[in-house]
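Each chain is listed here by its residues.
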Amino acid sequence: MLKRRAHAASSSDSWNDPGSSVHGPIIKAEHVAFGYTAGKPVLTDVNFEVSAGEVLMILGSNGCGKSTLMRLLLNDKQTARGLITLGGTNLRELSPAEISRRVAMVFQDHNAPFPFDVIDVVAMGRTPYLSTFAMPRARDMRICEEALDLVGMTHLAHQPYTQISGGERQMVLIARALAQETPLIMMDEPSSHLDYRNAAIVIQTTNRLASEQGKAVVMVTHLPDQAFYYPSKAALMKDGTFFAFGPSREILTEENLSRTYNMQIRVLAAKDEATGQEHVMCKPVPESLRSCSQMTGLEQLPPRTP
């Protein structure tokens with residue numbers, strides 16, 4: 001039986017650089033702000049940090065600044081104010097090649113213009129370690145094969161990437177990120193176009209990357225339920241800033257989620273009698289959806305004519 005879940009009130013490791021004993025957050029943002037035009041900020045005072053073995057889930061409604069933040073973390077927008085560091089090094093001081101050895105990106109969708117074999121798509125993750133026009137070496141290909149094996153896609157290694165399913169493509173892109181051998185993997189809504197089964201596989205694989213591979217993962221999602229799968233961190237974004245950041249189970253409260261999505265949300269818990277584990281999920285209150293539609297004028301639309 002589902003029941004309301006009580007939450008605590010909201011409040012708002014290590015980087016292993018080869019040859020170095022320095023430990024600390026893999027990525028850290030301090031007072032980050034950005035705007036495309038003067039006087040119109042998109043991001044204001046964003047602060048967070050993620051260490052090895054942690055997953056940070058970023059949630060927020062459309063237009064709150066999530067995609068802009070992801071681009072900043074890849075150094076795509078260098079006019080930002082504040083400080084972003086990778087392993088303690090200012091992001092602005094790193095070359096594109098150095099960033100590529102520290103951060104891998106998994107986009108929500110990818111359409112290859114040519115029918116590359118799956119193994120060749122994964123091998124693109126080795127580009128930061130190759131000189132111009134160089135071909136992947138035997139060691140590089142072994143790394144790619146191991147990455148495909150980790151995500152269960154070895155059987156597709158020599159299939160055309162353009163002929164596999166959307167869920168399989170997403171797993172191949174995760175394999176490519178693994179082949180890149182970075183301590184940080186960022187994912188922009190990686191399950192947005194997937195069916196229920198493939199979305200679950202992506203969630204499970206991402207959790208394993210952190211718990212078994214020691215990766216730091218930053219993921220943007222529109223689905224609050226996904227954040228309950230990760231025992232790590234979550235950030236709730238609104239109006240260009242994180243108004244709540246911390247352990248997922250502490251900040252994903254009914255009050256915080258309702259504020260994030262501008263509607264009333266219930267957080268429910270159910271106990272799995274087979275395992276004894278508690279599973280948490282959320283659902284919108286129908287009455288709040290009706291009030292939202294009134295505010296947006298949806299109920300004023302004329303009826304459809306047969």
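First, a word on what this report is: a plain description of the structure on this page. Bear in mind that the values here come from a model prediction, so they are computed numbers and not experimental data.

A separate point is the pairing of strand 12 (residues 265-271). Walk down a regular strand and you will see the side chains alternate between the two sheet faces. The buried fraction of strand 12 is high, at five of seven residues. Bridge count between strand 12 and strand 13 (residues 278-284): seven bridges; the pairing is antiparallel. Following the sheet pairing, I265 is matched in strand 13 by P284. The antiparallel hairpin formed by strand 12 and strand 13 contains six residues in its connecting segment, where G276 sits at a positive phi of about 80 degrees.

Pairing geometry for strand 2 (residues 27-37) and strand 3 (residues 40-50), over seven bridges, is antiparallel. The partner of I27 across the bridge, within strand 3, is V50.

Another aspect to go through is the side chain of K233. By the secondary structure assignment, K233 is in strand 10 (residues 233-238). The exposure class assigned to K233 is buried, which follows from its relative accessible area of 15%. Polar contacts involving the side chain of K233 include one to the side chain of E54, which spans 3.2 Å. Not counting residues up to four positions away in its chain, the partners in contact with K233 are E49, V50, E54, V55, L56, M57, F245, G246, P247 and S248.

Before going further, it helps to spend a moment on helix 6 (residues 196-211). Here helix 6 is 16 residues long and its end C-alpha atoms lie 23 Å apart, about the 22 Å a rise of 1.5 Å per residue gives. Taken residue by residue, helix 6 has N198, A199, V202, I203, T205, T206, L209 and A210 as its buried positions. Seen end-on, helix 6 carries its buried residues on one side only, within an arc spanning 165 degrees. Helix 6 presents Y196, R197, Q204 and S211 as exposed residues on the side facing more than 90 degrees away from its buried surface. Looking at the buried positions of helix 6, the neighbouring elements they touch are strand 4 (55-60), helix 4 (138-150), helix 5 (166-179), strand 8 (184-188), strand 9 (216-221) and helix 7 (224-227).

For the rest of this paragraph, the subject is the sheet that holds strand 5 (residues 81-86). Taking strand neighbours across the sheet as the criterion, the four strands line up as 3-2-5-6 in an open arrangement whose pairing is antiparallel. For this open sheet the edge positions go to strand 3 and strand 6 (89-90), each flanked by a neighbour on one side alone. Helix 1 (residues 66-73) contacts strand 2, strand 3 and strand 5 of the sheet and is inclined by roughly 60 degrees relative to strand 3.

Here the focus is the environment of L72. Looking at where L72 falls in the secondary structure, it is placed in helix 1. Once the C-alpha coordinates of L72 and V32 are considered, the two residues, 40 residues apart in sequence, prove to be 9.2 Å apart.

A positive phi angle is found at D45, which is not glycine, with a value near 50 degrees. Overall, the relative accessible area of 42% leaves D45 in the partly exposed class. Here the phi dihedral of D239 falls at roughly 55 degrees; this positive angle occurs in a residue that is not glycine. Along the chain, D239 turns up in the loop between strand 10 and strand 11 (241-247).

Moving on, we come to a nonpolar patch on the surface. There is a patch of nonpolar side chains on the surface, built from F114, F116 and M124 and spanning about 270 Å² of accessible area. Assignment of secondary structure puts F116 in the loop between strand 7 (103-106) and helix 3 (118-123).

Bringing the packing of aromatic side chains into the picture now. Enumeration over the complete set of coordinates arrives at three aromatic pairs. Between R169 and the ring centre of Y161, over which it is positioned, the NZ or CZ distance is 5.3 Å. Across the ring face of F243, the terminal group of R259 is positioned such that the distance to the ring centre comes to 4.1 Å.

This part is about the sheet that holds strand 8. Strand order in the open sheet formed by six strands is 7-8-9-4-10-11, with mixed pairing between adjacent strands. The open sheet terminates on both sides in strands that have one partner only, identified here as strand 7 and strand 11. Taken over all neighbouring pairs, the strand axes of this sheet differ in orientation by 15 degrees on average, direction set aside. Here five bridges tie strand 4 to strand 10, and the two strands are oriented parallel to one another. For M57, the partnering residue across the bridge sits in strand 10 and is A234. The sheet contacts of helix 1 involve strand 4, strand 7, strand 8, strand 9, strand 10 and strand 11, and relative to strand 8 the element is tilted by about 150 degrees.

Parameters and conventions
Residues numbered from 1 in each chain as written. Predicted model: local features only at pLDDT ≥ 70, side-chain atom pairs only at ≥ 80, totals over all residues. Heavy atoms only, no water. Buried < 20%, exposed > 50% of the residue type's maximum accessible area, 1.4 Å probe, protein only. Helix = DSSP H or I, 4+ residues; strand = E, 2+ residues; numbered from the N terminus. Pairing = 2+ DSSP bridges. Polar contact = N/O pair within 3.5 Å; in protein donor to acceptor, adjacent residues only side chain to side chain. Contact = heavy atoms within 4.5 Å. Expected span 1.5 Å × (residues − 1). Arc of directions from axis to C-beta. Axes fitted to C-alpha atoms, helices over the stretch in contact; angles between N-to-C directions. Patch = residues over 30% accessible without salt bridge, like charges linked within 9 Å, V, L, I, M, F, W, Y side chains within 5 Å. Areas by Shrake-Rupley, 256 points an atom, 1.4 Å probe, with all protein chains shown as cover. Salt bridge = Lys/Arg side-chain N within 4 Å of Asp/Glu carboxyl O. Phe/Tyr/Trp six-rings, centres within 6.5 Å; stacked < 30°, edge-to-face > 60°. Lys NZ or Arg CZ within 6 Å of the ring centre and 35° of its normal.

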